[in-house]
Amino acid sequence: MLKQKNITVEITGMTCDSCAKRIEKAIGTTKGVREAMVNFATKKATVTSSTPVEDIYKVIEGLGYGVVNEKSPAISEEGIAKLEWKRFLIAAILSVPVFIISMFMIHFKFSDFLQFFLTTIVIAWPGISFFRNAFKQLKHWSIGMDSLIALGVGAAYGYSAIALLRGGDLYFESASIIITLILLGRFFETKAKGKAGEAIRKLMDLQPRMARVIRDGTEKEVSIIDVQVGEKLVIRPGEKIPVDGIATGGETAVDESMLTGESMPVNKVEGDKVFGGTINTTGLIYMTAEKIGSNTVLAQIARLVEDAQGSKAPVQRLADKVSGIFVQIVISIAFLTLGAWILMGYPFSIALISAVTVLIIACPCALGLATPTAVMVGTGRAAGAGILIKDASSLELAHRIDTLILDKTGTITEGRPAVTDLFKRANGRKVTAETDEEKTRYLEKDILQIMGSCEQHSEHPLGKAIVHYTEKQGINLKEVRDFKTITGMGVRAIYNGSSVLIGSERLMIENNIDISDLRKEATEIESKGKTIAFLAADNNVEAVIGIGDVIRKTSKNAIQKIKDMGIEIVMLTGDNEIIAGAVGKEMGIGSVKANLRPADKCSEIKKIQESGKIVGMIGDGINDAPALATSDVSFAIGTATEIAMEAANITLVKGDISKAWEALKLSKQTMNIIKQNLFWAFGYNALAIPIAAVGLLNPMIAAGAMAFSSVSVVTNSLRLRKFKLKIED
């Protein structure tokens, strides 16, 4: 059995959603194809198939459309827009005299033949693409938007040409103006769609084209594609970092807003990870390349956004069904309109114009663009804020979440131990180390120096937390002698001639050290679910240290914002009940469940789902993978190097719960835009076609309305680009 693979094909020549449906159906029935999806807005086909890509090309080209490959390179939206504008200008210059002669009934010798001549040029030059595409569609026993335009314009032109010879009313102005207005509409539509899809282009533009590498001891400027893994690079202030890697020298601040959506630069020193596309703002740094080309985080993000924009939301299914048969229905209505007017005794010319108006005013494009343009802009807006949405289904379903499950460690909290409390026996004053701005007033320098110096050789997470805290206070650490780790209890060392112990109560007891002076303070720390470590010097207890997982500064506000949206918050954690209860109380979470294994979390989520609720889950994307997979919509919190793209529906790059609130808010707004678009697209056609059928519209007005119905849908979707996401404190 041949291996299934995902293929993306860019298609040219599609003019409406009916074209996309036709191609999708043809590819889907090809041998070896498991799934096919064609997106009219992005003009791309996504195919899961064991069939060679060349066979997919043949299917598409066999329907009369083109594919983008090395032989036929793509034309940018800007290039297409320039071409549409050129066609419009030519059509407008030729059509205006026809319109003036007809509307103002200006008659002079050969005026009727002048209208015929100018209209013929309009059809044969700027308007010929409509007829060419319609002929291709007819050749393959299919009809689309161009078929409606060609049929309507052709009928008006053909009737007028016969009337010119036999005598009768002329409708050359309708034929020429219809083409002119539709070309103008397509120009605006192309421009708008180009803006809708600019997220991908912006991402790819972040990648610099050149890099400075050090080869044979000499700095050389080379193309980005020539950079090899393991090479040493130089990045000067103001330059973009070319590839992913690790800083090996220098110090700087890097603007990582393209990854995280956060505007504050991040300090980078030797050993820190740096990412391609980010901007080195202040200092000269050296780095070693680790990931290049398609393996960089930037390339992964671009690929994820592109996949999401090419996917379809479930809400689009109705529009797809309607647009699949829309053209056939409109042509049937047009013929019924023609017959009804004739049966009522009206002249053929009147009946024909009403039928032409029906053909021209109908707009399947608005139906086809309603959902995908909103998805394109919404996912692009999310990516710019550091929110990576896997597909359109996740974007849609997120707005229906009514219960949000939170993991504690790494989600509500920072996910790493930190010093939070410190009591010194001499003064007995408590310090909340992470929050008290006056803490340095009470922390004796010698205690901090003893703590940090004795723990600096420890590999234990709690020891590292103590060292990090003392260094943060600006304490210079000293070397100690006879350092020893006492497994499961703490450390021992000689500091400045004194014997120092740092560790658990058991360590103190086994060394006959009296801790009664700090017993009350230790109990208070433990009651909050934190870990305690005593510090003793020369057999005298000097301090007790409280170490815990610090709550993220943004968590409480973000949780309240989510609750304000009417979403119930539930915390599921593997930690003990004391820690879980303390965190839940501080965060205002009513439902807290502790001591849960990964399988237990899955069971709890299933219980909530069985009650009919849509469940979202926020976790770190690694150890919460089973629960993330069980939830209806999963959010993974990670750093740029830990993007859990496979585990989660939505990834919050270097984010926190506030990013989840932003994702939920954006999902709701995107769905509002989609509903508005669909209401307009369906409402427009449902109202406009009957009005045209009863003869209340001129074909030229119908052409203008049709042309701008698609533009209005795309323009409405573009409002998402300016949608405000940040939480205001």
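Predicted model, so just to flag it, every value in this text is computed and none were measured.

Enquirer: Mind showing me how you'd approach the side chain of Thr-119 here?
Expert: Considering the arrangement of structural elements, one finds Thr-119 in helix α4 (residues 111–124). Thr-119 gets classed as buried once you look at its relative accessible area, which sits at 0%. Here Gln-115 takes part through its backbone oxygen, which lies 2.7 Å from a polar atom of the side chain of Thr-119. In this view, Thr-119 contacts Val-98, Tyr-157, Phe-172, Ala-175 and Ser-176; residues no more than four positions away in its chain are not counted.

Enquirer: When you look at the domain arrangement of the chain in this model, what are you seeing that I'm missing?
Expert: How large an interface is tends to be reported as the accessible area lost when its parts come together. According to the domain assignment, the chain consists of domain 1 (5–74), domain 2 (76–199), domain 3 (210–293), domain 4 (296–385 + 665–728), domain 5 (386–414 + 552–664) and domain 6 (416–550). For domain 3 and domain 4, the distance between their C-alpha centres works out to 45 Å. Taken together, the 13 residues of domain 3 in the interface contact nine residues of domain 4. For the pairing of domain 3 and domain 4, the buried interface totals around 760 Å² over both sides, and the portion due to carbon and sulfur atoms is 53%.

Enquirer: Help me out: how do you make sense of the sheet that holds strand β11 (residues 273–274) in this one?
Expert: Hydrogen bonding along the main chain pairs the strands of a sheet, whether they run parallel or antiparallel. In spatial order, the strands read β6-β5-β7-β13-β8-β11; together these six strands make up an open sheet with antiparallel pairing. On the outer flanks of this sheet lie β6 (218–223) and β11, each paired with one strand and no other. Where strand β8 (residues 244–250) lies against β11, two bridges are found, and the strand directions are antiparallel. Of the residues in β11, the one forming a bridge with Ile-246 is Lys-273.

Enquirer: Is there a simple way to explain the nonpolar core in this structure?
Expert: Nonpolar side chains in soluble globular proteins tend to end up buried together. Among the nonpolar cores identified, the biggest contains 134 residues, and Ile-27, Ile-412 and Phe-635 are the most heavily contacted of them. Sorting elements by how many residues they give to this core places helix α25 (residues 657–693) first, with 16 residues. In contact with Phe-635, not counting residues within four places along its chain, are Ile-401, Leu-404, Met-617, Ile-618, Gly-619, Leu-628, Ala-648, Ile-650, Leu-652, Ala-660, Ala-663 and Leu-664.

Enquirer: Could you clarify how one ought to interpret the pattern of salt bridges in this entry?
Expert: A pair can form between side chains of opposite charge whenever their charged atoms are brought close. One pass over the structure, following the stated rule, counts 21 salt bridges. Put simply, Lys-408 and Asp-549 hold a salt bridge, and the shortest N to O gap is 3.9 Å. Here Asp-549 lies in strand β22 (residues 540–551) and Lys-408 lies in helix α15 (residues 408–412), a separation of 141 residues in the sequence. For Asp-549, a relative accessible area of 24% translates into the label partly exposed. The shortest N-O distance in the salt bridge between Arg-519 and Glu-505 comes to 2.7 Å. Linking Arg-519 in helix α20 (residues 519–526) with Glu-505 in helix α19 (residues 505–510), this pair joins segments that are 14 residues apart in sequence. Salt bridges linked by common partners bring Arg-212, Glu-219, Arg-236 and Glu-239 together as one network.

Conventions used here
- Residues numbered from 1 in each chain as written.
- Predicted model: local features only at pLDDT ≥ 70, side-chain atom pairs only at ≥ 80, totals over all residues.
- Heavy atoms only, no water.
- Helix = DSSP H or I, 4+ residues; strand = E, 2+ residues; numbered from the N terminus.
- Buried < 20%, exposed > 50% of the residue type's maximum accessible area, 1.4 Å probe, protein only.
- Polar contact = N/O pair within 3.5 Å; in protein donor to acceptor, adjacent residues only side chain to side chain.
- Contact = heavy atoms within 4.5 Å.
- Domains from an automatic or database assignment.
- Buried area = accessible area lost by both parts, 1.4 Å probe.
- Pairing = 2+ DSSP bridges.
- Core = buried A, V, L, I, M, F, W, Y, C linked by side-chain atoms within 4.5 Å.
- Salt bridge = Lys/Arg side-chain N within 4 Å of Asp/Glu carboxyl O.

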